[in-house]
Amino acid sequence: MATRTDTQAPAPHVSDSHDLIRVHGARVNNLKDVSVEIPKRRLTVFTGVSGSGKSSLVFSTIAAESQRMINETYSTFVQGFMPTLARPEVDVLDGLTTAITVDQQRMGADPRSTVGTATDANAMLRILFSRLGEPHIGPPSAYSFNTASVRASGGITVERGAAKTRTVKATFNRTGGMCTRCEGRGSVSDIDLTQLYDDSKSLAEGAFTIPGWKSDSQWTVQVYAQSGFVDPDKPIRKYTKKELQAFLYGEPVKVKVNGVNLTYEGLIPKIQKSFLSKDKEAMQPHIRAFVERAVTFTTCPECDGTRLSEGARSSRIGKISIADACAMEIRHLAEWVRGLQEPSVAPLLAALQRTLDSFAEIGLGYLSLDRPAGTLSGGEAQRVKMIRHLGSSLTDVTYVFDEPTIGLHPHDIQRMNKLLLRLRDKGNTVLVVEHKPETIVIADHIVDLGPGAGSAGGTVCFEGTVDGLRAGDTVTGRHFDDRAAVKESVRKPTGTLEIRGASTHNLQDVDVDIPLGVLTVVTGVAGSGKSSLVHGSVPAGENVVSVDQSPIKGSRRSNPATYTGLLDPIRKAFAKANGVKPALFSANSEGACPTCNGAGVIYTDLGMMAGVATTCEDCEGKRFDASVLEYHLGDRDISEVLAMSVAEAAEFFGAGEAHTPAAHRVLGRLADVGLGYLSLGQPLTTLSGGERQRLKLATHMAEKGGVYVLDEPTAGLHLADVQQLLGLLDRLVDSGKSVIVVEHHQAVMAHADWIIDLGPGAGHDGGRIVFEGTPADLVDGRSTLTGEHLAAYVGA
């Protein structure tokens, strides 16, 4: 009997049909009823000009809803400890998987947070030393600079049965590794008292030299003068020990001044709270100059900056202490760990080895575990967060990346591309918001948003392949193959800025003359020493304006209008037009909605359940009292003005009834740096690193600095906007300024008058000048990695 062979393919299983993430009717921020279908287990890149709605679609819609639905699976008790996520404004979201967001948010500037503590590496290293370290000093906590040693003893009451109670003596010991002098920070701050007051004068004679502290009417000064702790008519140098202690270090205490209850505290803690807790960049220039004069940070003399106690530093494996291990470059630490042969901790060594190798694989082998997390760039922080995902066993999850190539040299972008493809090939969905053509080109699927920014964007202009994008008539498609030509004639320098013996971080005794009066670009692979040279070695002074991507400190009430000082002339214009006080037009002052106190939303704490933020019903999120909105300037109320984009506001305040030259000048600077799409009232906490930097640049452009130092100003810029930035840099130089730019973008390199290339590698393999000269010479020589990539870019 013949055997029957069934060659018919089995019918596809119904579960295999869920291979798309479907978004229909998304209206988050500026999205205009966007509907897209994103293939799963593929690499999808989202493109479009800055402000076109990419992040609104990827982060605020897809990733946010995925996270919200996952959070709802936890108990209400656990949800109480989680951030509240409202449901995105979208009609249909179908086919979502677990989303893991890897963004560019800095990792916090707490001095106790390091690369090692931000990953599992430090924890594993502490366990290793607690097992193998000689002499043995205690458990893993004994090697932690975040754990203080604690000793306590006393009587405790023990209850046994109905009426049997007895008191027994108990002691408690915990061995920590924290340095007692710097409390695990590695540095100590020293405040120069001579910058705070003139000790030959009394408080009544105006001894304070702190900006804004006047002895006659200033409340702060009156608190000291009338506190009763010091004699206001006695010169400070004649204070007794007790008076000086109370004056400088007194604990907070209530005192009555002119019949008003106020808080008195010592001058040192007062200065620390008033000035040192604020962002220096957000200070007025004269306040910033005072802080830089009065406060110095020095390495802790007891632990030599290691943050660790003497006991933790004395315990060693071989000749290496945990302080030595954390100070090594991670690639060298990986080699040292590989050489340890100890069967009792073999699983621990294997796990530590995998983590350290991941750093090297992702291009961060030049970092050390004791590097403060707050000093990492946005791109470095993003890659550190990737470490925990590379070895993950999870599949079928959605990874969401926010411009992963930021801070990467063209040489390093290829390595990042391989990592993205590796995550995809494990069966994951990878969504990437990106501007760089080198990464866009590896996409399986592209979604291009636009056509413009802000209200002019929010629609899908293109969906398809890279070839389709190139052939399409979108802004991204038209600029996809843009290439800048090397500048034929360069400017002549008007002088030089000498740097001698620079040794910050990995710089190896570098001597270099930076030309002035021209556009100088500092290049090199990630970790080669560019920022160390420019930010750590260029002599700071009143003539140097440094603009980086560090976070802007401020609450959710802070916005571009308040940060740039734009709101002051706007408030005055409203007040003048309506014959009322300017304070009425501040949501943080008299004009605030009384229900939400000017926040626009009401935060409701539901105890054990997650809190809820709801739009204020009285002001409908406008933040102002209804009576204030009756006042108009050019047919607009203050809430409508704050809802405008920079471009709209520039037109509004440029002419007509609302003509306000002071406001128009600030708006012009914001537009010049490519922020025309930002709304005036957008919270600063929602800005990207590149937007923060350009906002700072717009603020500093009003100053009279002669040397501008910029750190990757193209971060977050679309291909079409790079040309506008180059025009702005040219205008700065042509107006007599010197511009020094740390940059990886080849278009900026090609446009430079002078290039300083560091390398040849990263960490200890870098820190040297490998090229100085014009872009044309760099292309002709092709002697460095930068030269090779620039030559390929310009087609030389």
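Everything numeric here is computed off the predicted structure, so don't read it as measured data.

J.: Just to check I follow, could you spell out the packing of aromatic side chains for this structure?
T.: Aromatic ring pairs are defined here through the distance separating the ring centres and the angle between the ring planes. On inspection of all chains with the given rule, the structure shows 13 aromatic pairs. Plain terms: the ring middles of Phe 652 and Phe 653 are 4.9 Å apart, the flat faces sit at 80 degrees to each other, and that makes the pair edge-to-face. For the pair formed by Phe 652 and Phe 653, the shared burial category is buried. Each residue in the set Tyr 197, Phe 208, Tyr 224, Phe 229, Tyr 239, Phe 247 and Tyr 264 is aromatic and connected to the rest through ring pairs, giving one cluster. A cation over an aromatic ring shows up here: Arg 307 above the ring of Phe 145, its NZ or CZ 5.2 Å from the ring centre.

J.: Sorry, what's going on with the side chain of Ser 358 here?
T.: Counting through the fold element by element, Ser 358 comes out in helix H12 (residues 346–361). Exposure remark for Ser 358: the relative accessible area of 12% places this residue in the buried category. A polar atom in the side chain of Ser 358 sits 3.0 Å from the backbone oxygen of Arg 354.

J.: How do you make sense of the confidence of the model for the chain when you look at a structure like this?
T.: Detailed reading of the predicted coordinates is not advisable wherever pLDDT is low. For the chain, per-residue confidence averages 86 on the pLDDT scale, and 92% of positions sit at 70 or higher. Put simply, strand E23 (residues 612–615) is where the chain has its lowest mean pLDDT, 68, and strand E3 (residues 43–47) is where it has its highest, 97. Here residues 607–611 scores under 50 on pLDDT; set against residues more than four positions off or in separate chains, the count is twelve contacts.

J.: Quick question: what am I supposed to make of the sheet that holds strand E1 (residues 20–26) here?
T.: The strands making up a sheet associate through backbone hydrogen bonding, with each pair oriented either parallel or antiparallel. Strand order in the open sheet made by the three strands is E2-E1-E4, with antiparallel pairing throughout. The sheet is open, and its two borders are formed by strand E2 (34–39) and strand E4 (92–94), each paired with just one other strand. Between one strand and the next, the sheet's axes are offset by a mean angle of 5 degrees, whatever the strand orientation. The pairing of E1 with E2 spans five bridges and is classified as antiparallel. Opposite Val 23, over in E2, you have Val 36 as the bridge partner. Across the face of the sheet, helix H1 (residues 54–71) comes into contact with E1, E2 and E4 while running at roughly 115 degrees to E1.

J.: Looking at this model, I keep getting lost on the pairing of strand E19 (residues 510–516). Mind explaining?
T.: Looking along a regular strand, one sees the side chains alternate between the two faces of the sheet. The element E19 is extensively covered by neighbouring structure, given that five of its seven residues are classed as buried. Relative to E19, strand E18 (residues 495–502) is paired through six bridges, and the arrangement is antiparallel. Bridging across to E19, Thr 496 finds its partner in Pro 515.

J.: What's the story with the side chain of Ser 52 in this structure? I'm lost.
T.: Mapped onto the elements of the fold, Ser 52 is located in the loop between E3 and H1. Within the structure, the side chain of Ser 52 is placed 2.9 Å from the backbone oxygen of Val 49, a separation counted as a polar contact. Discounting residues that sit within four places of it in the chain, Ser 52 has contacts with Asn 30, Thr 47, Leu 449, Gly 450, Gly 452, Ala 453, Gly 457 and Gly 458.

J.: Before we go on, may I ask you to explain the packing of helix H11 (residues 330–338) against H12 in this structure?
T.: The description of two helices packed together rests on the angle between their axes and the distance between the axes. At their nearest, the axes of H11 and H12 sit 9 Å apart, and the two run at 155 degrees to each other. The orientation of H11 relative to H12 falls into the category roughly antiparallel. The handedness of the crossing between H11 and H12 is left-handed. Contact with H11, carried on its side by Ile 330, Leu 333, Ala 334, Val 337 and Arg 338, involves Leu 349, Leu 352, Gln 353, Leu 356, Asp 357 and Phe 359 of H12 and no other residues of that element. Classifying every residue of the contact of H11 with H12 gives eight nonpolar, one polar and two charged.

J.: Teacher, can you tell me more about the packing of helix H22 (residues 646–654) against helix H23 (residues 661–672) here?
T.: Contact geometry for H22 and H23: axes closest at 9 Å, N-to-C directions at 150 degrees. The pairing of H22 with H23 is recorded here as roughly antiparallel in orientation. Crossing of H22 over H23 shows left-handed handedness. Contact residues: H22 offers Val 646, Ala 649, Ala 650, Phe 653 and Gly 654, while H23 offers Ala 663, His 664, Leu 667, Leu 670 and Ala 671. Across the contact of H22 with H23, the residue classes break down as eight nonpolar, two polar and no charged.

J.: Whenever I open this one, helix H14 (residues 410–425) confuses me. Can you help?
T.: Here H14 spans 23 Å end to end across 16 residues, near enough to the 22 Å set by a 1.5 Å rise per residue. Among the residues making up H14, those that are buried are Pro 410, Asp 412, Ile 413, Met 416, Asn 417, Leu 419, Leu 420, Leu 423 and Arg 424. What you see down the axis of H14 is that its buried residues fit within an arc of 165 degrees, all on one side. Turned more than 90 degrees away from the buried face of H14 sit Lys 418 and Asp 425, all of them exposed. The positive-phi residue at the C-terminal boundary of H14 is Gly 427, with phi of around 95 degrees.

J.: Would you mind showing me how to read the environment of Gly 427 here?
T.: The topology assignment puts Gly 427 in the loop between H14 and strand E15 (429–433). On the basis of relative accessible area, Gly 427 is assigned to the buried category, the value being 18%. Taking the C-alpha atoms as reference points, Gly 427 and Arg 41, 386 residues apart in sequence, are found 5.2 Å from one another. The contact partners of Gly 427, leaving out residues within four places of it in the chain, are Arg 41, Thr 395 and Asp 396.

Cut-offs and rules
Residues numbered from 1 in each chain as written. Predicted model: local features only at pLDDT ≥ 70, side-chain atom pairs only at ≥ 80, totals over all residues. Heavy atoms only, no water. Phe/Tyr/Trp six-rings, centres within 6.5 Å; stacked < 30°, edge-to-face > 60°. Buried < 20%, exposed > 50% of the residue type's maximum accessible area, 1.4 Å probe, protein only. Lys NZ or Arg CZ within 6 Å of the ring centre and 35° of its normal. Helix = DSSP H or I, 4+ residues; strand = E, 2+ residues; numbered from the N terminus. Polar contact = N/O pair within 3.5 Å; in protein donor to acceptor, adjacent residues only side chain to side chain. pLDDT = per-residue confidence, 0-100. Contact = heavy atoms within 4.5 Å. Pairing = 2+ DSSP bridges. Axes fitted to C-alpha atoms, helices over the stretch in contact; angles between N-to-C directions. Parallel < 35°, antiparallel > 145°, perpendicular 65-115°, else oblique. Left-handed = near helix turned anticlockwise from the far one by under 90°. Nonpolar A, V, L, I, M, F, W, Y, C, P; charged D, E, K, R; others polar. Expected span 1.5 Å × (residues − 1). Arc of directions from axis to C-beta.

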